[in-house]
Amino acid sequence: MAGELMRGVLPGGADTGRRGALPGGPDTAGTRPGTEAQPAGTPKAVGIVWALLALNTLGSAGAKTVVTLPRSLIQMATMGALVSAFALALALNLRLRIRPSAFVFLLTLLLVPSVISSANLEVGYGALFRCGRLALFVGTLWLLSRWWDGSVTFVRHHIRMYFVVLVSVAAGLVVAPGTAMPEYYGGRLVGALWPLTPPQIGQYAAVIIGLTVLLVLGRQTTGASAALIIVPSAVLLALTHTRTATLGLLIGLVLAIGSLVLTSAAARRFFAWTVVIAAVAAVAFSSAMQSWYLRGQSQENLSDLTGRAKVWDALLAAPRTTGEKVFGMGLSDKSFGGLPIDNSWLAAYHEQGLIGVTIVAAFMIVLAGVALLRPPSLPRACAIFLISYCAISSYTEAGLGDASPYLLHLALAASLLAAPAAATHLPTAATHLPTPAVPRRRIPRWARR
C-alpha cells in the first residue's frame, strides 16, 4: 500500500493518471499540453544522473555519525558520484546535443574568475580541485539540458532523491536519537548516518515540501501520495529548528501559489484555507512559535545572526589587492578565519571577486525575469518557488558560487522554464490531411442545354 502511494510523487507518473491528469481539466493551473507526463524521449537513466549530482552536493563535513566515516572516504564517494554522473550523461548524450541555456552559460562564465583566482594557490591546491569539480558539474548540466523541456520530470527526480536523504535522517533518529539530536547543536536534528547539518536537512525538507504542494495543486499527484512526503518532511523540518528554511518555504509558496491564483481554483482554495489556518495558529500558538523561533537565544545573539555578522564585518574589512577584489582569493571551503561565511554573496566576493558576484546576480536576475515573462503554469510556479527560496537562503547560506544544492535547485528551475522542444508529429487517424483536388470533368455544350 505504501509503495502504491509513493508512486504518485516519487517514481514519476505511475499514479498521475488517476486524478486530474487530463490536459484540458478545469484545474490544470494553466499547464501547457504535454507537461503533465514524462516526455517519451527522456531516458530513465537521466534520473540516476540527477541523483548522483545531488549526492555530490551533500558534502563531507557535518555532525558526528553513529559509525565514524573518514572524511576522505566521504569525499571519494561524493566526487565519485560526480564523475559517474558526467560519464553516464555523456553516454546518454554521445552526440553532444545540448539546448541553449542562459543559466548554464553564465555558470560556465563563472569558471573564468574561479580558475584565475585559484591558480594563485593562495588557499592551496584544493582550490584547483574545486574548480575541476565545478567544471564537471557544469558540464553534466550541459549534457542534461538536452532533456529540459519545461515539464515536471526533473521535479520528480528532485523530490525522489532528497526524500531518500530524509529517510536516512529519520532512520538515524530512530537508531540513535542521542546522536541525531546532540547537545553541541542545541538539540537540533542532524544526520546520524551521513554527516548532515541542521540547515542542510531543513533545506532538503523545505524544498520537497514546497514542490510536492505545488504538484498537488497542479493535479500531478494524489493527496495521499503527497501526504506521505509532506508530513514526515515537515516533522523533520520542525526538529531542525531551521529558521531560514522555514521562512524560505513559506515565502516561496506564497509567491508560487500567487502565480496560480488567477488560473487555478485549487490554488485559490488552498491559499484561502492557508491564510485562515495561519491566522488561527498565530493566535493560539504564538508563545510556542516564538520559543521555537528563538531556539533559546538572546535577542542580542539573534540580532547578530548567531555570530554571522561578525564574520561578515571581518571579511569586508580584510585588506585586499585590486586583483583579489576583482577575481577573488580562489575557491575554498566557504570559510573566513576558520569560521563559516554563511552568505552566498560574500562567499562569492571572497572567492571569485566582484566578477563572480556580478555573474551570480546575473543568472539570478535572468531566471527571475524569464519566470515573470512565462504564462501561468505549474512548471512556472515550481520555478518561482525554487528561485525565491534560493534568493532568501542566500542571505544566511553559502553555495551560489560553487557546486551545491542551491545551484542544483536553480538548474531545476532553468529546466522548468525551458521552452518545449518542437516535436514532429506523424499523421494519425485523427489528423486532417489536405484532400487532393479532383479535376473537373468537362461537360459538352449540348449536355449543358
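All of the points below concern the structure found in this document. Computed from a predicted model, the values in this text were never measured in an experiment.

So, about the overall build of the chain. Helix and strand counts for the chain stand at 19 helices and two strands. Among the 449 residues that make up the chain, the fraction classed as buried is 47%. In the chain, the proportion of contacts linking residues at least 24 apart, taken out of those at least 6 apart, comes to 78%. Surface exposure of the chain reaches about 21400 Å², of which carbon and sulfur atoms provide 68%.

All right, on to unusual backbone geometry then. Positive phi values are uncommon outside glycine, yet Leu96 reaches one of about 55°. For Leu96, the location among the structural elements is in the loop between helix H3 (71-92) and helix H4 (102-118). Accessibility expressed as a relative area gives 52% for Leu96, which makes it exposed. The backbone of His241 shows a phi angle near 55°, a positive value even though the residue is not glycine. Secondary-structure assignment places His241 in the loop between helix H9 (223-240) and helix H10 (243-258).

The final tally for this structure, using the stated rule, is six aromatic pairs. Pairing Phe103 with Phe363 gives two aromatic rings, centres 5.4 Å apart and planes at 85°, and the pair type is edge-to-face. Remark: Phe363 occurs in helix H16 (residues 344-373) and Phe103 occurs in helix H4; sequence separation between them is 260 residues. Here Phe103 falls in the buried class, since its relative accessible area comes to 2%. For Phe363, a relative accessible area of 0% puts it in the buried group. A ring pair is formed by Tyr162 and Tyr204, whose centres lie 4.7 Å apart and whose planes are at 20°; its orientation type is stacked. Of this pair, Tyr162 sits in helix H6 (residues 153-175) while Tyr204 sits in helix H8 (residues 198-217), placing them 42 residues apart in sequence.

Let us now look at the pattern of salt bridges. On inspection of all chains with the given rule, the structure shows three salt bridges. Across the salt bridge formed by Arg308 and Asp342, the nearest N and O atoms sit 3.4 Å from each other. Of the two residues, Arg308 sits in helix H14 (residues 308-317) while Asp342 sits in the loop between strand E2 (339-340) and H16, which places them 34 residues apart along the sequence. With relative accessibility at 18%, the residue Arg308 sits in the buried group. Among the salt bridges present, the one from Glu351 reaches Lys334, with a minimum N-O distance of 3.3 Å. With a gap of 17 residues between them, Glu351 in helix H16 and Lys334 in the loop between helix H15 (322-327) and strand E1 (335-336) connect regions that are remote in the sequence. Classification of Lys334 by relative accessible area gives buried; the value is 17%. Through salt bridges with shared partners, a single network forms among Lys334, Glu351 and Asp402.

Thresholds, definitions, all that
Residues numbered from 1 in each chain as written. Predicted model: local features only at pLDDT ≥ 70, side-chain atom pairs only at ≥ 80, totals over all residues. Heavy atoms only, no water. Helix = DSSP H or I, 4+ residues; strand = E, 2+ residues; numbered from the N terminus. Buried < 20%, exposed > 50% of the residue type's maximum accessible area, 1.4 Å probe, protein only. Contact = heavy atoms within 4.5 Å. Areas by Shrake-Rupley, 256 points an atom, 1.4 Å probe, with all protein chains shown as cover. Phe/Tyr/Trp six-rings, centres within 6.5 Å; stacked < 30°, edge-to-face > 60°. Salt bridge = Lys/Arg side-chain N within 4 Å of Asp/Glu carboxyl O.

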